Amino acid sequence: MTENHDLELLQTPGAVFFIFGATGDLAKRKLFPAIYSLYREGKLAEDFAVIGVARRPRTQEEFREDVFHSIQEFCRYKTENDDRFRAFAEHFEYKSLDINNVDGFRELNDQTVALEERYHIPGNRLFYLALAPELFGSVSSNLQKGGMLNSAGWKRLVIEKPFGYDLKSAEELNEQIRQVFKEEEIYRIDHYLGKEMVQNIEVIRFANAFFEPLWNNKHIANVQITLSETVGVEERGGYYDHAGALRDMGQNHMLQMLTMIAMEPPSRLLPEDIRDEKVKVLRSLRPYANAEEVKKNVVRGQYVQGSSRGKDLPAYRDEEKVDPESNTETYYMARVFVDNFRWAGVPFYIRTGKRLPVKTTEVVVEFKGMPNNVYLGKKYKLEPNLLVIRVNPMEGIYVKINAKRPGSESEIEPLAMDFCQSCMVGINSPEAYERLLHDAARGDSTYFTRWDEVATAWSFVDRIAEAWKQDPEGPLQYPAGSWGPKEADQLLAEDGFHWWPVNGQEEDDVVWEVNK
Ligand SMILES: NC(=O)C1=CN([C@@H]2O[C@H](COP(=O)(O)OP(=O)(O)OC[C@H]3O[C@@H](n4cnc5c(N)ncnc54)[C@H](OP(=O)(O)O)[C@@H]3O)[C@@H](O)[C@H]2O)C=CC1
Ligand SMILES: O=C1O[C@H](COP(=O)(O)O)[C@@H](O)[C@H](O)[C@H]1O
């Protein structure tokens, strides 16, 4: 197959991309850079247009300037405001529009038709809602009323998280959207599913003879999933104080990663087959029966004043737009069981938090020990084998095995096989948003969450949220810059395990002290 043929397969069909919320943070930091990267890679040909929509007034030139600055600052491809960039920016137009104004949608339609003619686009329209979820229903309904859905080609709706606040609100939101769009036209973003190494989990599992046969409760002792962040809530205090770590990360990214680790091999590599397997995992999650079960298995924390790398860090309650008496959790950790044949009895420890010591997303699969009646086991304290999948910021795979210390009389020591993909020259992994936008434009919904996945995840999370609501104790405190409440470490210790250090974590830090 030729390189040109490969590129043709990767190219998106001609389409207009609507970015609702074009003056916002997500558009600036992620979406414009993603579109530019696709263009630079030839995945977007010349038959595309982008219409940015928001209320603020902007001339076409001002909007293109905004797009330029966003790309210059945030895109993995650097650019100057030269002829090549201007040719790209020509495809961008802006429409100042309040979502609630139906007439504005009719004008938007006229503007779109003109662009479709100019760029020979066959009526394909992708609506990306980088907006607060309260506006999703109105946009969908006004897209229909304003005649925006009458063009000849396909229509797709890409929506951002959070998808609801709980199961009930998510159902209402879904109902509103479904009045206009069919499930197969809806692409619910979970940007973790767009990350290179999260997608690689399937390949690592299903394409390796030395992992697949061991991927079950006979050989795996526990799984640890860490999504740690060093940042606080930054400018998003208003949103975050309402959501908290459970809803912000726990309902979506963490459970999605868990499904990738735990799902059965799909019979075909088709979106619905893969999503069927993922939803089966979510359905198999053991629900916490009552508040006591939640207390036994879940830890919530909130950061108080602390420090990291010599820098003083404020308490969560002192952050901008946060209620000074807030009980919102900034740390969430749970011991989760997947009650199916493959995983019965294997604990999955999942944790996320703001203001932790390192930024990392990592999965550690700890294998069971060798039977200790063989002579090696008796003579030496063997370390468990580990498979570590490093998702972010470092991308790679780390395998820990036991081997003879070179030159010794059969002395055994752990040996690390460390493959750092992101350190390799010439590897420039696409950003998650780039990949997901590309997939949505090509109609590939594999790495988007289907409604039943979202609903099932909410059912699991709602029980935790409900128990917390009734619990007068509130979250445990942890100093900013630490690894969260020590109760999370104790929870593993109860099972005879400890957190393995994640990439960037000093081996002698607090986690180890607690476990000694
Ligand atoms: N920022 C991020 O990193 C992430 C964001 N998200 C989600 O993405 C969505 C957008 O987030 P973010 O970009 O941060 O939000 P911002 O507040 O930065 O942007 C919101 C956008 O919505 C527009 N807007 C608001 N009200 C209206 C209206 N009535 N009519 C038309 N446009 C309107 C605003 O423009 P104007 O004021 O000009 O009308 C602005 O462009 C949210 O759902 C968020 O949860 C999800 C993951 C990460
Ligand atoms: O969705 C979200 O994710 C980010 C973390 O994403 P990452 O790709 O940088 O790991 C998180 O900061 C934010 O609170 C949350 O809404």
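About the criteria used
Residues numbered from 1 in each chain as written. Chains lettered and ligands numbered in written order. Predicted model: local features only at pLDDT ≥ 70, side-chain atom pairs only at ≥ 80, totals over all residues. Heavy atoms only, no water. Buried < 20%, exposed > 50% of the residue type's maximum accessible area, 1.4 Å probe, protein only. Helix = DSSP H or I, 4+ residues; strand = E, 2+ residues; numbered from the N terminus. Arc of directions from axis to C-beta. Near = heavy atom within 4 Å. Polar contact = N/O pair within 3.5 Å; in protein donor to acceptor, adjacent residues only side chain to side chain. Areas by Shrake-Rupley, 256 points an atom, 1.4 Å probe, with all protein chains shown as cover. Nonpolar A, V, L, I, M, F, W, Y, C, P; charged D, E, K, R; others polar. UniProt positions renumbered as here; feature names shortened; annotations may be inferred. Contact = heavy atoms within 4.5 Å. Disulfide = S-S within 2.5 Å. Pairing = 2+ DSSP bridges.

**Some words on helix 15 (residues 487-494)**
Line of reasoning, step 1. Those residues of helix 15 lying buried are Ala488, Asp489, Leu491 and Leu492. Buried residues in helix 15, looked at end-on, bunch into an arc of 155°, giving them a common side.
Line of reasoning, step 2. Note on helix 15: the residue one or two positions beyond its end, Gly496, has a positive phi of about 85°.

**A look at the site of ligand 1**
Line of reasoning, step 1. Around ligand 1 lies a shell of 21 residues, among which Thr23, Asp25, Arg29, Arg55 and Leu131 are the nearest.
Line of reasoning, step 2. Here an oxygen atom of ligand 1 and a side-chain polar atom of Arg56 are 2.7 Å apart.
Line of reasoning, step 3. A distance of 3.0 Å is found between a nitrogen atom of ligand 1 and a backbone nitrogen or oxygen belonging to Ile99.
Line of reasoning, step 4. Burial of ligand 1 by the protein amounts to 80% of the accessible area it has alone, namely 880 Å².
Line of reasoning, step 5. By residue number, the principal contributor to the shell around ligand 1 is helix 2 (residues 25-40), which donates 3 residues.
Line of reasoning, step 6. Partitioned by chemical class, the residues of the shell around ligand 1 number 11 nonpolar, 3 polar and 7 charged.

**A closer look at the UniProt feature "binding site: substrate" (unreviewed entry) in the chain**
Line of reasoning, step 1. In the numbering used here, UniProt assigns the "binding site: substrate" (unreviewed entry) feature to His191, Lys195, Glu229, Asp248, Lys354 and Lys359.
Line of reasoning, step 2. Structurally, His191 can be placed in the loop between strand 6 (186-188) and helix 8 (196-206).
Line of reasoning, step 3. Other than its neighbours up to four places away in sequence, His191 contacts His253, Ala432, Tyr433 and Leu436.
Line of reasoning, step 4. Its relative accessible area of 15% is what places Lys195 among the buried residues.
Line of reasoning, step 5. When sequence neighbours within four positions are dropped, the list of residues in contact with Lys195 reads Val391, Asn392, Ala432 and Arg435.

**Structural notes on the site of ligand 2**
Line of reasoning, step 1. With respect to spatial proximity, the complete set of residues near ligand 2 consists of Lys161, His191, Tyr192, Lys195, Glu229, Arg236, Asp248, Met249, His253, Lys354 and Lys359.
Line of reasoning, step 2. In the environment of ligand 2, an oxygen atom lies 2.7 Å from a nitrogen or oxygen atom belonging to the side chain of Lys359.
Line of reasoning, step 3. Surface burial for ligand 2 is 80%, taken as the share of its 390 Å² of free accessible area covered by protein chains.
Line of reasoning, step 4. For the shell around ligand 2, the residue count by class is 2 nonpolar, 2 polar and 7 charged.

**Overview of the state of the cysteines**
Line of reasoning, step 1. Taken as a whole, this structure holds 1 disulfide when the rule is applied.
Line of reasoning, step 2. One disulfide bridge connects Cys420 with Cys423, the sulfur atoms lying 1.9 Å from each other. Given an S-S torsion of about 80°, the disulfide between Cys420 and Cys423 has right-handed geometry.
Line of reasoning, step 3. Relative accessible area serves as the criterion here: at 14%, Cys420 is assigned to the buried category.

**Focus on the pairing of strand 14 (residues 386-392)**
Line of reasoning, step 1. Most of strand 14 sits inside the fold, with 7 of its 7 residues counted as buried.
Line of reasoning, step 2. The pairing of strand 13 (residues 360-367) with strand 14 spans 6 bridges and is antiparallel. Bridge pairing links Val365 to Leu387 in strand 14.
Line of reasoning, step 3. Pairing of strand 14 with strand 15 (residues 396-404), which is carried by 5 bridges, proceeds in the antiparallel orientation. Bridging across to strand 15, Leu387 finds its partner in Val399.

**Some words on unusual backbone geometry**
A negative phi angle characterises most non-glycine residues, just as the trans form characterises most peptide bonds.
Line of reasoning, step 1. With an omega dihedral of 0°, the bond running from Lys161 to Pro162 counts as a cis peptide bond.
Line of reasoning, step 2. Its location among the elements puts Pro162 in the loop between strand 5 (155-159) and helix 7 (167-178).
Line of reasoning, step 3. Here the bond from Asn392 into Pro393 is cis, since omega is 0°, no more than 30 degrees from zero.
Line of reasoning, step 4. Tracing the sequence through the fold places Pro393 in the loop between strand 14 and strand 15.
Line of reasoning, step 5. Its identity is not glycine, yet Glu234 carries a phi of approximately 50°, on the positive side.
Line of reasoning, step 6. Tracing the backbone shows Glu234 in the loop between strand 7 (220-228) and helix 9 (237-262).
Line of reasoning, step 7. The backbone of Arg309 sits at a positive phi, close to 45°, despite the residue not being glycine.
Line of reasoning, step 8. With respect to the secondary-structure elements, Arg309 resides in the loop between strand 9 (306-308) and strand 10 (311-313).

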